[in-house]
Amino acid sequence: MHVIIVGAGEVGRYLAQRLGAEGNDIVIIEQDESVAASIGEELDVQVVIGSATTPSTLETAGIRQADLLAGVTQNDEVNFIASLLAKEYGVAQTVARIQTEELRGPAGKALRDAMKADLIIDPDADTADEIMELARVSGADEVYRMSDGDLLVIGAVISDSSPLAGSTLAEIGQTYEPDWRFLFGALTRDGETVIPRGDQRLEAGDHVRVLTTRDTRNEILELLGAKHRRANRVMVLGGGAVGSRVAERLTEEGADVVLVEQDLDRAKYLSERLPYVTIVNGDIEDIDLLNEESATRMDLVIAATGDDAANVLACAFAAGDKRAFTVAVLHRLALLPLVRQFGIDAAVSPRTASANAVLRHVRGGTASVATFLESDIEVDEFEIEEGSSADGVRVADLHLPHSIVLGAVTREGGPGEIVRGKTTLHAGDNVVVFARPESIPALLKAFTA
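Everything numeric here is computed off the predicted structure, so don't read it as measured data.

**Things to note about the overall build of the protein**
Scanning the protein from N- to C-terminus turns up 16 helices and 22 strands. Relative to the compact-globule value of 22 Å for 449 residues, the protein shows a C-alpha radius of gyration of 22 Å, a close match. Burial statistics for the protein: of 449 residues in total, 56% are counted as buried. Across the protein, every contact between residues at least 6 apart in sequence was considered, and the portion connecting residues at least 24 apart equals 62%. Carbon and sulfur atoms form 47% of the exposed surface of the protein, whose accessible area is close to 18,800 Å². Looking at the protein, you have 41 positive and 73 negative side-chain charges, and the mean spots of the two groups are 3 Å apart.

**Some words on the side chain of Asp 308**
Looking at the secondary structure, you find Asp 308 in helix α13 (residues 308-318). In this structure, Asp 308 is buried with no salt-bridge partner, the nearest side chain bearing the opposite charge being Arg 332 at 4.1 Å. Setting aside residues up to four positions removed in sequence, Asp 308 forms contacts with Val 329, Leu 330, His 331, Arg 332 and Leu 335.

**Points about the sheet that holds strand β5 (residues 93-97)**
Taken in spatial order, the six strands of this open sheet run β3-β2-β1-β4-β5-β6, and their pairing is parallel. Because the sheet does not close on itself, it has two edges, and the strands there are β3 (46-49) and β6 (119-121). For this sheet, the mean angle separating the axes of adjacent strands, direction not counted, is 15 degrees. With four bridges joining them, strand β4 (residues 68-71) and β5 adopt parallel strand pairing. By the bridge assignment, Ala 70 is partnered in β5 with Val 95. Those strands touched by helix α2 (residues 33-42) are β2 (25-30) and β3, and its axis lies near 175 degrees from that of β3.

**So, the packing of aromatic side chains**
Per the stated rule, a full pass over the model turns up four aromatic pairs. For the pair Tyr 176 and Phe 182, a centre-to-centre distance of 5.2 Å together with 75 degrees between the ring planes defines the contact as edge-to-face. Looking at Phe 182, the relative accessible area reads 9%, which means it is buried. Through a chain of ring-to-ring contacts, the aromatic side chains of Tyr 176, Phe 182 and Phe 184 assemble into a single cluster. One residue, Arg 209, lies across the ring of Phe 372, its end atom 4.0 Å from the ring centre.

**Topic: the nonpolar core**
Membership of the largest hydrophobic core comes to 33 residues, with the highest contact counts inside it found for Val 234, Val 246, Leu 250, Ile 302 and Val 327. Looking at this core, the elements with two or more residues in it are α7 (123-136), β8 (151-157), β12 (233-237), α10 (241-252), β13 (256-261), β15 (300-303), β16 (325-329) and β17 (346-348). Each residue touching Ile 302, except ones within four places of it in the same chain, is listed here: Ile 131, Val 234, Met 235, Val 236, Leu 237, Val 246, Leu 250 and Val 327.

**Points about the environment of Val 327**
Take Val 327: it is sitting in strand β16. C-alpha of Val 327 to C-alpha of Gln 93: the two residues are 234 residues apart in sequence and 34 Å apart in space. When residues no more than four places from it in sequence are discounted, the contact partners of Val 327 are Ile 131, Leu 134, Leu 300, Val 301, Ile 302, Ala 303, Cys 315, Ala 346 and Val 348.

**Some points on the sheet that holds β12**
Ordered in space as β14-β13-β12-β15-β16-β17, the six strands form an open sheet in which the pairing is parallel. Because the sheet does not close on itself, it has two edges, and the strands there are β14 (278-281) and β17. Each neighbouring strand pair of the sheet contributes to a mean axis angle of 15 degrees, computed without reference to strand direction. The pairing of β16 with β17 spans three bridges and is parallel. Residue Val 327 lies in a different strand from β17, and its bridge partner there is Ala 346.

**Description of the packing of helix α1 (residues 10-21) against helix α15 (residues 350-363)**
In the contact formed by α1 and α15, the axes pass within 9 Å of each other and the chain directions differ by 45 degrees. When the axes of α1 and α15 are compared, the pair comes out oblique. Along this stretch, α1 crosses α15, giving a crossing that reads as right-handed. Between α1 and α15, the residues in contact are Glu 10, Val 11, Tyr 14, Leu 15, Arg 18 and Leu 19 and Pro 350, Arg 351, Thr 352, Ser 354, Ala 355, Val 358, Leu 359 and Val 362, respectively. Residues of the contact of α1 with α15, tallied by class, amount to nine nonpolar, two polar and three charged.

**Quick word on the pattern of salt bridges**
All told, the structure shown has 23 salt bridges when counted by the stated rule. Here Arg 273 and Glu 248 are joined by a salt bridge, their closest N and O atoms 3.4 Å apart. On the criterion of sequence distance, the pair formed by Arg 273 in helix α11 (residues 264-273) and Glu 248 in helix α10 is long-range, its members being 25 residues apart. Residue Arg 273 is classed as partly exposed on the basis of its relative accessible area, which comes to 29%. Glu 248 sits in the partly exposed class, given a relative accessible area of 29%. Here the residues in one salt-bridge network are Glu 133, Arg 136, Arg 145 and Glu 253, joined through shared partners.

**Remarks on unusual backbone geometry**
Glycine aside, residues mostly have negative phi angles, and peptide bonds mostly take the trans form. The phi dihedral of Ser 147 is positive, around 50 degrees, even though this residue is not glycine. Along the chain, the position of Ser 147 falls in the loop between β7 (142-146) and β8. The class for Ser 147 is buried, based on a relative accessible area of 7%. Even without glycine at this site, Asp 148 takes up a positive phi of about 60 degrees.

**So, the pairing of β3**
As judged from the four bridges shared by β2 and β3, these two strands associate in the parallel manner. Counterpart to Ile 28 in the pairing with β3 is Val 47. Each parallel crossover has a hand, and for β2 linked through α2 to β3 it is right-handed.

**Some remarks on α13**
Every buried residue of α13 is listed here: Asp 308, Ala 310, Asn 311, Val 312, Ala 314, Cys 315 and Ala 318. The elements touched by buried residues of α13 are β12, α12 (287-292), β15, β16 and α14 (336-341). Its side-chain oxygen 3.1 Å from the backbone nitrogen of Ala 309, Asp 307 forms the N-cap of α13.

Parameters at a glance
- Residues numbered from 1 in each chain as written.
- Predicted model: local features only at pLDDT ≥ 70, side-chain atom pairs only at ≥ 80, totals over all residues.
- Heavy atoms only, no water.
- Helix = DSSP H or I, 4+ residues; strand = E, 2+ residues; numbered from the N terminus.
- Rg over C-alpha atoms; globule rule 2.2 N^0.38 Å.
- Buried < 20%, exposed > 50% of the residue type's maximum accessible area, 1.4 Å probe, protein only.
- Contact = heavy atoms within 4.5 Å.
- Areas by Shrake-Rupley, 256 points an atom, 1.4 Å probe, with all protein chains shown as cover.
- Lys, Arg positive; Asp, Glu negative; His and termini not counted.
- Charge placed at Lys NZ, Arg CZ, Asp CG, Glu CD.
- Salt bridge = Lys/Arg side-chain N within 4 Å of Asp/Glu carboxyl O.
- Pairing = 2+ DSSP bridges.
- Axes fitted to C-alpha atoms, helices over the stretch in contact; angles between N-to-C directions.
- Phe/Tyr/Trp six-rings, centres within 6.5 Å; stacked < 30°, edge-to-face > 60°.
- Lys NZ or Arg CZ within 6 Å of the ring centre and 35° of its normal.
- Core = buried A, V, L, I, M, F, W, Y, C linked by side-chain atoms within 4.5 Å.
- Parallel < 35°, antiparallel > 145°, perpendicular 65-115°, else oblique.
- Left-handed = near helix turned anticlockwise from the far one by under 90°.
- Nonpolar A, V, L, I, M, F, W, Y, C, P; charged D, E, K, R; others polar.
- Right-handed = clockwise from strand over helix to strand, strands pointing away.
- Polar contact = N/O pair within 3.5 Å; in protein donor to acceptor, adjacent residues only side chain to side chain.

As structure tokens, then:
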């Protein structure tokens, strides 16, 4: 597949990395020459310097052979025009990033229709969705919904108090035989992530990603030794698009929310728009202010400003007495190592939130996609097609690559169930898998007719 990505920011780079790992031909269009040069050194992709709003630049990028164009710059107008021009060239699939609130709403519908984009993404809305999932499953540092929410992928660190620490996955499996309601799909230790097998021994400090049913999530967190509590008292730091969305939704779900916003005019606007949220005008790096507002005694603290360093520092302060569960929004992933170092519980990034939506769309048969900040392993959901090589076959007989593990299967009208070697797949089943990007073609080959 020939893919053109417009914009080499965090979202564009991440998309290029993910789609390139699957063997697609990637071209990035970027106006800034210095950014374009850094991309060429970082990724094995073609880079075209210029504006995607001009046909000559699109021609240079191979628009006539393109299967997909994704406009993901921070300029809505550029994304609009690039998508519209791509459709004029006959590109089958286009994606456009839109951040302006008015253009996303009813007033922008006519313009969106004229643009003919197949998918509209909004990194701020996607990031807010991820934060809300964390708020609902407090204690996990990653939460992704699969199979319309019947299944969850939960990320958490195994604590010293976990009864699973010191056991192998095979031993854990024997304990819960025959009713398995969870599966370990990925494990990170000392910066290296693997898809674990039966002889993998769990240790305190390991970061694991567990596939489980929604009604088992609290039991899994207890087994991992992760503390979890309902977020009744919440502080949101930053009243931008992400922070204001999260504050509003948490209030609707019954939480007592304090929102800190530095810009006075924005704070006044939010106080009128969000009457049930306590709005405080101030700097999130002001320790006296955070103390006055009892940041360390909150159940949940979310730092969602556009300043990554401020988000990390504020969360580090709030995490001081280990009461508050802290979430930092990061745009530049160079700061990610500081998250664990400073005791911050979770980090979310607009790049993964939006990339997941694009990957779902591009793959067509994938109902859900979850990618992670610290690993190339991803979680995907595929439907078994009638006549495919997996239709009517036991999982043990599929002979898929070792970089793939089948996690769960859902069937119409029934709950999700953890996959075993003896599980037989049938057409119409939705299968959740853990895999590395280079293995996706093998999955598609097995699951599609």
